[in-house]
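Tertiary structure, described
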Amino acid sequence: MKKIKSIIPAIVLTAMLSGCSQEIKVTVYNATGVTSDNGWIAMNADTGSHNEWFEATSAAYSEADVDETNSFSFTAKENDTLTVQANGQYYTVASGGGVTTTDFDIPSSTQVLYGEFLGDPQWFASVNMESVVIFKK
């Protein structure tokens, strides 16, 4: 009986440390302000088992504003490493009417995804002009 009592905590601790392979919803959204009206932006999310590019045509300034034109979502597994990056172009119009095109590359950001013991977390990646911010809600 003593052996069983000592084995059970070890099994629970091992399961908690290794993760339970929980499925996690991830949403990547365009918060740069670049839209199809003033340029283009392509965003990439890679977890090793999932690799997706998406070209946004509008922008969202928070996770509450996401829709099918400014974001994409997918399911990842707990302990996956998420890497998000983006690139594109934006156009500016000078006072004389000339158009200037500027290329941009947004550096990648990486985060190991983790779940919650009694909940279903959702992860977001906000693609901003200078960086990608990955966070959990």
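Below is a short write-up of the structure. (Residues numbered from 1 in each chain as written. Predicted model: local features only at pLDDT ≥ 70, side-chain atom pairs only at ≥ 80, totals over all residues. Heavy atoms only, no water.)

To continue, consider the environment of Asn 128. Turning to its location among the elements, Asn 128 is positioned in the loop between strand S7 (122–127) and strand S8 (132–136). With relative accessibility at 23%, the residue Asn 128 sits in the partly exposed group. Separated by 22 residues in sequence, Asn 128 and Ile 106 have C-alpha atoms that sit 7.8 Å apart. The residues contacting Asn 128, other than those within four sequence positions of it, are Ala 31, Thr 32, Ile 106 and Val 133. (Helix = DSSP H or I, 4+ residues; strand = E, 2+ residues; numbered from the N terminus. Buried < 20%, exposed > 50% of the residue type's maximum accessible area, 1.4 Å probe, protein only. Contact = heavy atoms within 4.5 Å.)

Per the stated rule, a full pass over the model turns up three salt bridges. Taking the shortest distance from any N to any O, the salt bridge between Glu 63 and Lys 137 comes out at 2.7 Å. Of this pair, Glu 63 sits in the loop between strand S3 (51–56) and strand S4 (71–77) while Lys 137 sits in the segment after S8, and the two are 74 residues apart along the sequence. Classification of Glu 63 as partly exposed rests on a relative accessible area of 23%. (Salt bridge = Lys/Arg side-chain N within 4 Å of Asp/Glu carboxyl O.)

An order of S3-S2-S5-S6 is seen for the four strands of this open sheet, with the pairing classed as antiparallel. Both outer strands of the open sheet, S3 and strand S6 (99–112), are each paired with one neighbouring strand and no more. Direction aside, neighbouring strands of the sheet carry axes that sit 10 degrees apart on average. (Pairing = 2+ DSSP bridges. Axes fitted to C-alpha atoms, helices over the stretch in contact; angles between N-to-C directions.)

For the rest of this paragraph, the subject is the nonpolar core. Val 26, Val 28, Ile 41, Met 43, Val 84 and Val 127 are the most contacted members of the largest nonpolar core, which has 23 residues in total. Counting only elements with at least two residues in this core, the list comes to strand S1 (23–30), strand S2 (39–46), S3, S4, strand S5 (81–93), S6, S7 and S8. Contacts of Val 26, omitting those with residues within four sequence positions, involve Phe 72, Ser 73, Phe 74, Ala 76, Leu 82, Leu 113 and Trp 123. (Core = buried A, V, L, I, M, F, W, Y, C linked by side-chain atoms within 4.5 Å.)

Right, let's talk about the pairing of S3 for a bit. Of the strand pairs in this sheet, S2 and S3 are connected by six bridges, and their pairing is antiparallel. Opposite Ala 45, over in S3, you have Glu 52 as the bridge partner.

For the rest of this paragraph, the subject is a nonpolar patch on the surface. On the surface, Trp 40, Tyr 91, Val 93 and Val 99 cluster together to form a nonpolar patch covering roughly 380 Å² of accessible area. Position of Trp 40 among the secondary structure elements: in strand S2. The exposure class assigned to Trp 40 is partly exposed, which follows from its relative accessible area of 30%. (Patch = residues over 30% accessible without salt bridge, like charges linked within 9 Å, V, L, I, M, F, W, Y side chains within 5 Å. Areas by Shrake-Rupley, 256 points an atom, 1.4 Å probe, with all protein chains shown as cover.)

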